[in-house]
Amino acid sequence: MTHDSSSPPLRLAELDPESAVVRLTPQLAQFAAVARLEHVTQAAQLLGMPQPTLSRSVARLEAELGVDLLARQGRTVRLTRAGRLLLASVERALAELERGAEAAQAEADPAAGRVAFGFLHTMGTEAVPALLRDFRASHPRVRFQLVQDYVAAMLERLRAGELDLCLVSPLPDAPDLTARYLDEQRLPLAVPADHRLAGRRRIRLAEVAEEPFVAVEEGYGLRLITDGFCAEAGFAPRIAFEGEEAETLRGLVAAGLGVALLPPALVPRPGVVELEVTAPRTRRAIGLAWVTGRPLTPPAAAFRDFVLSRRGALLGTH
C-alpha cells in the first residue's frame, strides 16, 4: 500500500463488532442524503425508502454518537456543528467508496476490463504480440498487464492472484492449477559456426555430452527442460554460463563459449548454426495455466477462451 509522502499514513478503521464504523456505516449514506437536501421527506424519496424509516435511522446514528447532527425545523433540517464535521468525512468516504466500486466494476467489464497475463520470455517476441493483436481486434478496449518471468515465479504470482493466466512450459502438474496444452516448440541445438558438428543437419544429443553448455538460470522452465533432455541422453550438462534471455545465450554460442538448446531464432544469428536433435526429440509443450476453481473476470475468461482456440497454431511455425 502506498500513499503520498506529503500526507499522513492511512489509518485503517477498526472492524470489530463494537467499532463505530461497523455499527454506523449503513446509516451514513442516509445521513448524507438528508444533510444534502436538508429535508427528510425528499431524502427518503431520493433513497426509495419510507420517511419514518429514514428518520429512525438518523436518530439511531445520533444516539450512537451521542450528539445532535441535525436541528429540525418543521419539514426541513439544518446541520449542527457536529453534523457538519461528520458530513465532511462522510462525503469523502462515500466518494472514495464510489470510485472503488467503479474501479472494481471496470476491472471485470468484458468490453473494457483488465487481464493480468504472464508469459515466458521466449514467447514475448512474436507469439504473444500476435495473440494480443488478434484478440484486441474484437476486444479493442480490454487492457493488459503483461508480466514476463520464469515459470516458478509466474506460477507463484498466479496462485497469489496477481496474474489471471500464464503461458508456460513445462505445463504444471498440480491439483490447484489447471493447464491446457496449446502447442509444441522444437528446441534445436545451437552450436558455433566453426563447431566440429556445424556441417551436420541432425545430431543425437549424446554427441555433445562432453561439450560446455550455456543455459538459462535454474528455476526457468527451459533450464528444467534442458536438464531433462540431457538426462534422457545419459549425461548431466556441464553449464559454463547462465543467463536470462535466449538471445544473450545465442550470443554466447556465437562467441564459441558453449552449445545450447534454444527456441529457433526468428532471424538467423551470424556465427550460430541450429541442428535438429533426433534423440531425444527435443520439443517442449507450451500451455495456458490458471488457478483451478477461481472464477475469472469476464475479460480474462474471454482471453482464455481465445487463447485456447489457437491450440496447434500458437507458434505459427514449428
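Up top you'll find the structure we're talking about.
Note that the coordinates shown come from a computational prediction; the quantities given were computed from them, not determined experimentally. (Residues numbered from 1 in each chain as written. Predicted model: local features only at pLDDT ≥ 70, side-chain atom pairs only at ≥ 80, totals over all residues. Heavy atoms only, no water.)

Asker: Honestly, the side chain of glutamine 185 in this entry has me stumped. Any pointers?
Answerer: You can see glutamine 185 is positioned in strand S6 (residues 177-186). Exposure remark for glutamine 185: the relative accessible area of 10% places this residue in the buried category. What glutamine 185 contacts, discounting residues up to four positions off in sequence, is Met123, Pro263, Pro264, Thr282, Arg283, Arg284, Ile286 and Leu315. (Helix = DSSP H or I, 4+ residues; strand = E, 2+ residues; numbered from the N terminus. Buried < 20%, exposed > 50% of the residue type's maximum accessible area, 1.4 Å probe, protein only. Contact = heavy atoms within 4.5 Å.)

Asker: What am I meant to see in the sheet that holds strand S4 (residues 143-148) here?
Answerer: Within a sheet, adjacent strands bond to each other through the backbone by hydrogen bonds, running parallel or antiparallel. With mixed pairing, the five strands of this open sheet are ordered in space as S4-S3-S5-S13-S6. Whereas interior strands pair on both sides, the edge strands pair on one side only; in this sheet they are S4 and S6. Direction aside, neighbouring strands of the sheet carry axes that sit 20° apart on average. Bridge count between strand S5 (residues 165-168) and strand S13 (residues 283-291): three bridges; the pairing is antiparallel. Opposite leucine 167, over in S13, you have leucine 288 as the bridge partner. (Pairing = 2+ DSSP bridges. Axes fitted to C-alpha atoms, helices over the stretch in contact; angles between N-to-C directions.)

Asker: Whenever I open this one, the pattern of salt bridges confuses me. Can you help?
Answerer: For side chains of opposite charge, pairing can occur when their charged atoms come near one another. Tallied over the full model, the rule gives 18 salt bridges. Its salt-bridge partner being arginine 223, residue glutamate 242 comes within 2.7 Å of it at the nearest N-O pair. A residue pair is termed long-range when its members are at least 10 positions apart, and glutamate 242 in strand S10 (residues 238-243) and arginine 223 in helix H7 (residues 221-232) qualify at 19 residues. On the basis of relative accessibility, which here comes to 45%, the residue glutamate 242 falls in the partly exposed class. Given a relative accessible area of 7%, arginine 223 falls into the buried group. Notably, a salt bridge pairs arginine 304 with aspartate 305, separated by 3.3 Å at the nearest N-O pair. (Salt bridge = Lys/Arg side-chain N within 4 Å of Asp/Glu carboxyl O.)

Asker: Looking at this model, I keep getting lost on the environment of alanine 265. Mind explaining?
Answerer: By the element assignment, alanine 265 lies in the loop between strand S11 (260-261) and strand S12 (272-279). Along the primary structure alanine 265 and proline 188 are separated by 77 residues, whereas in three dimensions their C-alpha atoms are 9.6 Å apart. Ignoring anything within four residues of it in the chain, the contact list for alanine 265 reads Arg250 and Glu274.

Asker: Teacher, can you tell me more about the nonpolar core here?
Answerer: If you look at the biggest cluster of nonpolar residues, it comprises 37 residues, and the most contacted ones within it are Phe117, Met123, Leu158, Leu165, Leu167, Leu288 and Phe303. Taken together, the elements giving at least two residues each to this core come down to strand S3 (114-119), helix H5 (127-136), helix H6 (151-159), S5, S6, S13 and helix H9 (298-308). Apart from residues lying up to four places away in sequence, leucine 288 is in contact with Phe117, Leu165, Cys166, Leu167, Thr178, Ala179, Arg180, Leu182, Arg304, Val307 and Leu308. Of all hydrophobic cores here, the second largest spans 30 residues; its members include Val216, Cys230, Val272 and Leu275. (Core = buried A, V, L, I, M, F, W, Y, C linked by side-chain atoms within 4.5 Å.)

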